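Listed here are the chains, written in short residue letters.
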Amino acid sequence: MTAAPDARSGPRPRTALAMSAQAAAAVLRPPALAELAAVCDLVPPPVLDDFTTERAHAVLAETEVLVTGWGCPRLEASVLARAGRLRAVVHTAGSVRGHVTDACWERGIEVSSAAAANAVPVAEYTVAMILLSGKRALERAHSYRSERGRTDPLHTPPAVGNYGRTVGILSASLIGRRVIELLRPYDLRVLLHDPYVSAGEAAELGVRQVGLQELFAECDTVSVHTPLLPATRGLVSGELLAAMRPDAVLVNTARGAVVDQDALVQVLRKGRIRAVLDVTDPDVLPPGHPLWDCENALITPHLAGSQGNEWQRLADLAVGEVARWAAGDGFAHPVRRERLAFLA
């Protein structure tokens, strides 16, 4: 990556890293740090993971751009009071709710997020699980193992397979839209429920807009992509789960609390539906939680989001955003205060 020309007056922006040391080591590996240092005046390590120390006070006083990540302390008004030159925050992960406060917006600090980059692996995971669950891949693999290979594919029930299945997308969020895009090549019918999407916009997305009840009643698979907000907590209720078709699949890669988890356990215990859960409430279920005993629930350890080599995508986006800001071009992926009510 080449550095963008500096359209701002004066030296390159003084930039500091604010996140946990573990997050920095995972996401901003040496090549990424070298690329970042090529477009700004980067404060050398250690990263800032505590804004109350004397070193943090000194660094913040000179910082124009803060590159944040998982484990970044909250940017409260008292912190910003010591950061008089701070003008921009570039987040190397998705949601900024954990650290960007009202004080940042009131100060006019520009904010960018790598949510678009993090949406890519989440959407890929979702599509993979939709297709695998349509083929009943995991259940049939277990059966194949237990029967030591004795199987007859010509006796496969007609409900197994992905031809002509109906997939429901709950919320045309950044990830939801990416899932819709990735599903286009397949022989699937895609329905959408999102009260903020018009019929015309749904048509442009290539989906049919339906009501919430219809989404759950008509779909073979429902994939949850709504952010966790006060209005969406428990949105996927026991009534909606009970309305799902027999053997339908609920996929949740959003937030565990969007689903009424107690109601989900009851429906799963009856064997009516299946579930693929990359998120739960709490994020790590206690050992005795009844979901562990539901054989028709696949629970994965929050692995849909960026991991391993996918962290490089987050780093690339962040470096690009700092370069754009330094050149005076503005962020390609800005976070707007007025959109926070609709974001994760």
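The paragraphs below set out a description of the structure included in this document. (Residues numbered from 1 in each chain as written. Predicted model: local features only at pLDDT ≥ 70, side-chain atom pairs only at ≥ 80, totals over all residues. Heavy atoms only, no water.)

## Some words on the overall build of the protein chain
What counts, and what does not: The numbering of helices and of strands both runs from the N terminus, where a helix is a DSSP run of H or I of at least 4 residues and a strand a run of E of at least 2. Residue exposure (1.4 Å probe, protein chains only): buried if accessible area is under 20% of the type maximum, exposed if over 50%, otherwise partly exposed. Residues count as neighbours in contact if any of their non-hydrogen atoms are within 4.5 Å of one another. Each accessible area value is a Shrake-Rupley result obtained with a 1.4 Å probe; residue values ignore everything except the protein chains displayed when judging cover. This count recognises Lys and Arg as positive and Asp and Glu as negative, with His and chain-terminal groups excluded. Just so you know, the charge point we use is NZ for Lys, CZ for Arg, CG for Asp and CD for Glu.
Within the protein chain one finds 13 helices and 12 strands. Classification of the 344 residues of the protein chain by burial places 49% in the buried group. Here the analysis covers contacts within the protein chain between residues at least 6 apart in sequence; of these, 66% occur between residues at least 24 apart. Of the accessible surface of the protein chain, which amounts to about 16,600 Å², a share of 54% is contributed by carbon and sulfur atoms. Averaging the positions of the 35 positive and the 38 negative side-chain charges in the protein chain gives two centres separated by 2 Å.

## Description of the pairing of strand β6 (residues 166-170)
Here is the rule: Strand pairing is assigned whenever DSSP identifies at least 2 bridges connecting the two strands.
Summarising burial for β6: 5 of the 5 residues are buried, a large majority. With burial as the criterion, each face of β6 is covered, one bearing T166, G168 and L170 and the other bearing V167 and I169. Inspection of the sheet shows β6 paired to strand β7 (residues 189-193) by 5 bridges, in the parallel sense. Looking at the pairing, I169 lines up with L192 of β7. Relative to strand β9 (residues 221-224), β6 runs parallel, the two sharing 4 bridges. Paired with V167 across the two strands is T221, which belongs to β9.

## So, the sheet that holds strand β3 (residues 65-68)
One open sheet accounts for 5 strands, arranged β2-β1-β3-β4-β5; its pairing is parallel. Strands with a single pairing partner mark the edges of an open sheet, and in this sheet they are β2 (41-42) and β5 (110-113). Where strand β1 (residues 14-18) lies against β3, 4 bridges are found, and the strand directions are parallel. What sits directly across from A18, in β3, is T68.

## Points about empty space enclosed by the protein
Over the atoms a probe the size of a water molecule is rolled, and this reveals where empty space is left. Threshold: Definitions used for this entry: grid spacing 1 Å over protein atoms alone; cavity, a set of points where a 1.4 Å probe fits but cannot get out; pocket, an open set with protein on both sides within 12 Å along at least 5 of 7 lines; lining residue, one with an atom within 4 Å of a point. Grid points are joined across faces, edges and corners, and a volume is the space filled by probe spheres set on the points. Any residue that is not Ala, Val, Leu, Ile, Met, Phe, Trp, Tyr, Cys, Pro, Asp, Glu, Lys or Arg is counted as polar, Gly included; the first ten are nonpolar and the last four charged.
Tallying each qualifying case throughout the model produces 1 cavity of 30 Å³ or more. By volume, the largest cavity is sized at about 50 Å³. Lining the largest cavity are L250, N252, G256, V259, Q261, L264, L277, V279 and T280. Counting residues per element, the ones that place at least two in the lining of the largest cavity are β10 (249-252) and α12 (261-269). Here the lining of the largest cavity is built from residues that sort into 5 nonpolar, 4 polar and no charged.

## Re the environment of I169
You can see I169 is positioned in strand β6. Accessibility expressed as a relative area gives 0% for I169, which makes it buried. Along the chain, I169 and H57 lie 112 residues apart, while their C-alpha atoms are 46 Å from each other. Leaving out residues up to four positions away in the same chain, I169 has contacts with G176, V179, I180, L183, V190, L191, L192, H193, L215, S223 and H225.

## Some points on the nonpolar core
What counts here: Residues belong to a common nonpolar core when they are buried Ala, Val, Leu, Ile, Met, Phe, Trp, Tyr or Cys residues joined through side-chain atoms within 4.5 Å.
In this structure, F216, V236, L241 and L250 are the most contacted members of the largest nonpolar core, which totals 30 residues. Those elements giving two or more residues to this core turn out to be α10 (212-218), β9, α11 (238-243), α12 and β11 (274-277). Excluding residues that lie within four positions of it along the chain, F216 makes contacts with L170, V222, V236, L240, A243, M244, R245 and L250. A32, W311, L314 and A318 belong to the second largest nonpolar core, which has 29 residues in total.

## Description of helix α3 (residues 54-62)
We apply this condition: By construction, the arc corresponds to the directions joining the helix axis to the C-beta atoms.
Among the residues of α3, A56, V59 and L60 are the ones counted as buried. Taken end-on, α3 shows its buried residues confined to a sector of 100°, consistent with a single buried face. Considering only its buried residues, α3 is in contact with β1, β3 and α4 (77-80).

## As for helix α13 (residues 311-326)
This is how it is decided: Take the residue count of a helix, subtract one, and multiply by 1.5 Å to get its expected span.
In a regular helix each residue adds 1.5 Å, so 16 residues correspond to 22 Å; α13 covers 23 Å between its end C-alpha atoms and thus fits that length. Inspection of α13 places W311, L314, A315, L317, A318, V319, E321, V322, A323, W325 and A326 among the buried residues, and these make up the whole buried set. Summarising the contacts, the buried residues of α13 are in contact with α1 (21-27), α2 (30-37), β3, β4 (88-91), β5 and α6 (115-134). G328, located one to two residues past α13, shows a positive phi value of around 80°.

## Concerning the sheet that holds β7
Selection rule: Simply put, an axis is a line fit to the C-alpha atoms, just over the touching stretch for a helix, and the angle between two N-to-C directions goes from 0 to 180 degrees.
The strand order across the open sheet built from 7 strands is β8-β7-β6-β9-β10-β11-β12, with neighbouring strands paired in parallel fashion. Sheet topology places β8 (208-209) and β12 (297-299) at the edges, where each strand pairs with a single neighbour. Along the sheet, helix α8 (residues 174-183) makes contact with β6 and β7, crossing β6 at roughly 160°.

## Some thoughts on the environment of A318
If you trace the backbone, A318 turns up in helix α13. Expressed as a C-alpha distance, the spacing of A318 and H289, which sit 29 residues apart in the sequence, is 38 Å. Look past the residues within four positions of A318 in its chain and what remains in contact with it is V90 and T92.

## Comments concerning the pattern of salt bridges
The condition is simple: The term salt bridge refers to a side-chain nitrogen of Lys or Arg lying within 4 Å of a carboxyl oxygen of Asp or Glu.
Evaluated as defined, the whole model comprises 15 salt bridges. The closest approach of N and O atoms between R337 and D102, which form a salt bridge, is 3.7 Å. With a gap of 235 residues between them, R337 in the segment after α13 and D102 in helix α5 (residues 102-106) connect regions that are remote in the sequence. The partner of D247 in a salt bridge is R274, and the shortest N-O contact between them spans 3.1 Å. Linking D247 in the loop between α11 and β10 with R274 in strand β11, this pair joins segments that are 27 residues apart in sequence. Judged by relative accessible area, R274 falls into the buried class, the value being 6%.

The values reported here are purely geometric and, on their own, carry no functional implication.
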